[in-house]
Amino acid sequence: MEMVHAIFEDLDIVIVGGGICGLATALALHRKGMKSVVLEKSETLRASGGAIAIQPNGWRALDELGVASKLRSNGIRLERIHEIYLNGGKPKEKFVDYSNIGEIRWVKRSDLIESLAQDLPLGTVQVGCQIFSVKIDANTSFPTLQLNDGTIIRAKMLIGCDGANSVVADFLELNPKKLHPSSGVRGFTYFPNGHGFAPELLRTIRDKTTAGVAPVNDNLLFWFVNHQYNYQDSKMVEDPKMIKQMVLETIKGFPQKTIDVIQNCDISSPSFNRLRYRAPWDILLGQYRRGTVTVAGDSMHAMTPFVGQGGSASIEDAVVLARCMARKFQANYNNDHKDFKRKKMIEEAIDEYVNERRMRLVKLALQSYLLGTLVDTPYMLVKLIMLALLSAFFRDKYAHVRYNCGNL
């Protein structure tokens, strides 16, 4: 990884953002013989963070990228969900068997980032590259990026994988993301002698608060708490000790097993974030191509965690985009092609990618939106409407994990 301090000219493919989607997209393109450069604003790859649930559709995509096997060796396959409902009188328990759903594991974000980065050619990732603006060059009609240090980068194709606050998405004039009434806290708890937890997601629900605990491996537990956002929360977002104390206050009365996990968490691990999402109707109507510029991952479809598909859907994006690029122009591409021909081929590849992904993402976003509204609303009529819509559109509520994005 290198710092950028010079003008780059005539780069074929530039990816903005070195997170999960950006690295997965670069790796997918590399597997298809296409070179790209990833511009990451941080001084190092952002390997910090919590864990993400990789569901069967995500493992299929990771298999296509060639990194699934080493990730599997670092994580426990979960066998079920154990849900506890605390509303009302006596707690109610429910078990959902994963055997008919497929492979689900919680993977450390750092492990996923490192696995993707390790398989990229040296020099693919350029760190310390903060994007200031994106424009279309009047002469070539290709995108031009200006970095905060004054560096100008010209590219044949630009892919925005720069997260929920995407500069590239703003360039495409996508509708702003929406704030969900909930916020989320996540963290890790390490047990040097083993945690002894069953291979299950233990999820406890009371009113608008959900707490989850899941094993990553034999010694590490990942936990999360989603609760209604309070203005006071914003005062503690940078202080892990205050975040931990706030969470413990929020889950008073929850099972002692869950409380103990959070009480004993690694003190530096708790992190807080306000949940944001793109509305399903915005994904349905969004213009995801302008010239040879497009987006993927959270830049395209930031979603709340209620179906647990944010990470897996981003990896699917990478596979589909690289496949469309290869199918459309790789076999016919050569350095003798005029710029207008290259531009047309890239635009057609992006259009195929967007057309293939759009309805998949609309469905994921809609299911997540309905579930989130069901959790958040205090109104019984609204709850009934959400339940009716979920029943109508998502009779099989786990159908989304059976999706296959196809071969790379």
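For the structure itself, look to the data block above.
Residues numbered from 1 in each chain as written. Predicted model: local features only at pLDDT ≥ 70, side-chain atom pairs only at ≥ 80, totals over all residues. Heavy atoms only, no water.

Caption draft 1: Structural view of a nonpolar patch on the surface. On the surface, Leu 284, Leu 285 and Met 359 cluster together to form a nonpolar patch covering roughly 300 Å² of accessible area. For Met 359, the location among the structural elements is in helix α11 (residues 339–376). Met 359 gets classed as partly exposed once you look at its relative accessible area, which sits at 42%. (Patch = residues over 30% accessible without salt bridge, like charges linked within 9 Å, V, L, I, M, F, W, Y side chains within 5 Å. Areas by Shrake-Rupley, 256 points an atom, 1.4 Å probe, with all protein chains shown as cover. Salt bridge = Lys/Arg side-chain N within 4 Å of Asp/Glu carboxyl O. Helix = DSSP H or I, 4+ residues; strand = E, 2+ residues; numbered from the N terminus. Buried < 20%, exposed > 50% of the residue type's maximum accessible area, 1.4 Å probe, protein only.)

Caption draft 2: Just the pattern of salt bridges, in detail. Under the definition given, this model contains 21 salt bridges. Across the pair Asp 119 and Arg 31 runs a salt bridge, and its minimum N-O distance is 2.8 Å. Taken together, the positions of Asp 119 in the loop between α4 (109–118) and β8 (125–127) and Arg 31 in helix α1 (residues 20–31) put the pair 88 residues apart, joining distant regions of the chain. In this structure Asp 119 comes out as partly exposed when scored by relative accessible area, which is 24%. A salt bridge links Arg 323 to Glu 356; the nearest nitrogen and oxygen atoms lie 2.4 Å apart. One end of the pair, Arg 323, is in helix α10 (residues 310–330); the other, Glu 356, is in helix α11, with 33 residues separating them in the sequence. Take Arg 323: its relative accessible area is 12%, and that puts it in the buried class. We classify Glu 356 as partly exposed; its relative accessible area is 30%. Connected via shared salt-bridge partners are Arg 327, Lys 328, Lys 344, Glu 348 and Glu 352.

Caption draft 3: Up close: the nonpolar core. Ranked by size, the top nonpolar core spans 81 residues in total, and within it Leu 62, Leu 65, Leu 112, Leu 116 and Met 325 carry the most contacts. For this core, the leading source of residues is α10, giving eleven residues. Ignoring any residue separated from it by four or fewer positions in sequence, one finds Leu 112 in contact with Ile 20, Ile 52, Leu 62, Leu 71, Val 107 and Ile 315. One finds Leu 86, Val 185, Val 225 and Val 261 within the second-largest nonpolar core, a separate group that totals 21 residues. (Core = buried A, V, L, I, M, F, W, Y, C linked by side-chain atoms within 4.5 Å. Contact = heavy atoms within 4.5 Å.)

Caption draft 4: A look at the packing of aromatic side chains. The final tally for this structure, using the stated rule, is seven aromatic pairs. When the centroid spacing of 6.1 Å and the interplanar angle of 45° are considered together, the rings of Tyr 277 and Tyr 369 count as tilted. With a gap of 92 residues between them, Tyr 277 in strand β16 (residues 271–277) and Tyr 369 in helix α11 connect regions that are remote in the sequence. Looking at Tyr 369, the relative accessible area reads 27%, which means it is partly exposed. With 5.4 Å between their ring centres and 85° between their planes, Trp 281 and Tyr 369 make a pair best called edge-to-face. Residue Trp 281 is found in helix α8 (residues 280–285), and its partner Tyr 369 is found in helix α11; the two are separated by 88 residues along the sequence. Residue Trp 281 is classed as partly exposed on the basis of its relative accessible area of 40%. Lying across the ring of Phe 142, Lys 156 places its NZ or CZ 5.2 Å from the centre. (Phe/Tyr/Trp six-rings, centres within 6.5 Å; stacked < 30°, edge-to-face > 60°. Lys NZ or Arg CZ within 6 Å of the ring centre and 35° of its normal.)

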